[in-house]
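# Observations on chain architecture
Next come the chains, spelled out residue by residue.
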Amino acid sequence: MKKTVTKLADGRELIYYDSRDDTVRDAVDRRPLDPISTTSEIRHDPLIGDAVAIASHRQGRTYHPPADECPLCPSRDGRLSEIPDSDYDVAVFENRFPSLAGDAGRCEVVCFTSDHDASFADLTEEQAALVLEAWTDRTAALAGLAQVEQVFAFENRGAEIGVTLGHPHGQIYAYPFVTPRSELMLRSVRAHKEATGRNLFDEVVRRESAAGTRVVLEGEHWVAFVPYAGHWPYEAHLYPKRRVPDLRALDDAARAEFPRLYLELLRRFDRIFGEGEPPTPYIAAWHQAPFRAAGRDDFALHLELFTVRRTSGKLKFLAGSESGMSVFINDVPPEAAAERLREVASE
């Protein structure tokens, strides 16, 4: 992998990740951009302790542009975009409309491919491996920022999720606090260790692998399963079998196997609802240990993949119970979801 760091016209950082070591990236951003001005701040809810990012400048962000005006495509034929070069493998840049900025954190955009009409599932194993390297490199770089407590790499795919740009891409949020979901996981892990002396993540993975009823696919170094208490209609969690706190700690064997298993999992999600259905909307979320939290070494890196579509043409809405009280009601039994994800395996 070759990494090239440069700047966009308004001073934001842009990083190219290339498979070939001899690739040269010297294109200059020629757009007449004004310096970025953000209004991001973090406010804390005094009743439940949640942190909320207030970012009014995001109201003006790019919204469903036509394909020939996509800001994530390479700059070609006189049309200038966020990517100055005429082609790229993987590109990462600071978000022009960040939810978090300055002392309130940092937001980055990860472009998986220059092909506007592709999806992550369309990537080759080599391309997926390069994205994994980019995620890992950015985790390492952002861990070095004093204000950053946790790094969250994720992909939103599909208009039903709220995606406003169709180009295949994900994001990275570098939070200046430990997220509420991670706090809950760490609390459960600490309580279990105090009560039993064992690691809760290890026991969950061991139990699911042994039972097999909710296992979707398994390799030598990774296992994917539908969780026992899945919140979403179709949800799969992908764990490395050797527990590590974050992407930086994966060994070479796990890195080598990841692209094949993850691409197969994504392709199965696209086949859940049968032929002729539109691509399955989903969120793919990397859960990594906060950098300075107590119990960090007991945390288990894993990826959670889920869709808001519950059946053909119908979405799972977060209605009163979910939105008002955070109590999910799932219409699809996890065992049935796992069986369906096994049925649609690639031949």
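Residues numbered from 1 in each chain as written. Predicted model: local features only at pLDDT ≥ 70, side-chain atom pairs only at ≥ 80, totals over all residues. Heavy atoms only, no water.

## Let's talk about the environment of Arg76
Mapped onto the fold, Arg76 is located in the loop between β4 (51-54) and β5 (90-94). Take Arg76: its relative accessible area is 41%, and that puts it in the partly exposed class. For the pair Arg76 and Ser19, spaced 57 residues apart in sequence, the C-alpha to C-alpha distance is 21 Å. The residues touching Arg76, leaving out its near neighbours within four places in the chain, are Ser86, Asp87 and Ser114. Within the structure, Arg76 has its side chain in polar contact with the backbone oxygen of Ser86 (distance 2.7 Å). (Helix = DSSP H or I, 4+ residues; strand = E, 2+ residues; numbered from the N terminus. Buried < 20%, exposed > 50% of the residue type's maximum accessible area, 1.4 Å probe, protein only. Contact = heavy atoms within 4.5 Å. Polar contact = N/O pair within 3.5 Å; in protein donor to acceptor, adjacent residues only side chain to side chain.)

## Details of the sheet that holds strand β11 (residues 234-240)
Reading across the sheet, the eleven strands line up as β1-β2-β5-β6-β8-β7-β12-β13-β11-β10-β9 and stay open at both edges, with antiparallel pairing between neighbours. Two strands close off the open sheet at either side, each with one partner strand: β1 (2-7) and β9 (215-218). With direction set aside, neighbouring strand axes in the sheet form an average angle of 20 degrees. Along the sheet, helix α2 (residues 180-196) makes contact with β7 (150-157), β12 (282-287) and β13 (302-307), crossing β13 at roughly 125 degrees. The strands that helix α3 (residues 200-211) touches are β9, β10 (222-225), β11 and β13; relative to β10, the one it contacts most, it runs at about 75 degrees. (Pairing = 2+ DSSP bridges. Axes fitted to C-alpha atoms, helices over the stretch in contact; angles between N-to-C directions.)

## Re the state of the cysteines
By the definition in use, this model includes zero disulfides. Looking at the unpaired Cys73, the closest cysteine sulfur is the one in Cys70, lying at 3.9 Å. Cys73 gets classed as buried once you look at its relative accessible area, which sits at 10%. Free of any disulfide, Cys107 has its nearest cysteine sulfur in Cys111, 14 Å distant. (Disulfide = S-S within 2.5 Å.)

## Some points on the environment of Glu343
Checked against the element boundaries, Glu343 lands in helix α6 (residues 334-343). According to the relative accessible area criterion, Glu343 is exposed, its value standing at 51%. Sequence-wise, Glu343 and Arg271 are 72 residues apart; in three dimensions their C-alpha atoms are separated by 9.4 Å.

## Points about the nonpolar core
Core analysis: the largest hydrophobic core is formed by 54 residues, its most contacted members being Phe120, Trp135, Tyr262 and Trp286. Filtering out sequence-adjacent residues up to four positions away, Phe120 remains in contact with Phe112, Ala128, Val131, Trp135, Glu155, Tyr262, Leu263, Leu266 and Tyr282. (Core = buried A, V, L, I, M, F, W, Y, C linked by side-chain atoms within 4.5 Å.)

## Brief notes about the pairing of β11
Buried residues dominate β11, accounting for seven of its seven residues. Alignment of β10 against β11, held across four bridges, turns out to be antiparallel. Bridge pairing in β11 places Phe225 opposite His237.

## As for the pairing of strand β3 (residues 41-44)
Pairing between β3 and β4: four bridges, direction antiparallel. Looking at the pairing, Arg43 lines up with Val52 of β4. The turn linking β3 back onto β4 is made up of six residues, and Gly49 within it adopts a positive phi angle of 85 degrees.

## Some points on the pattern of salt bridges
Tallying each qualifying case throughout the model produces 33 salt bridges. With its nearest N and O atoms 3.4 Å apart, the salt bridge here joins Glu149 to Arg292. Within this pair, whereas Glu149 is found in the loop between α1 (125-143) and β7, its partner Arg292 is found in the loop between β12 and β13, the two being separated by 143 residues in sequence. Residue class for Glu149 comes out partly exposed when judged on its relative accessible area of 22%. Judged by relative accessible area, Arg292 falls into the partly exposed class, the value being 46%. Note that Arg296 and Asp246 form a salt bridge whose closest N and O atoms lie 2.7 Å from each other. (Salt bridge = Lys/Arg side-chain N within 4 Å of Asp/Glu carboxyl O.)

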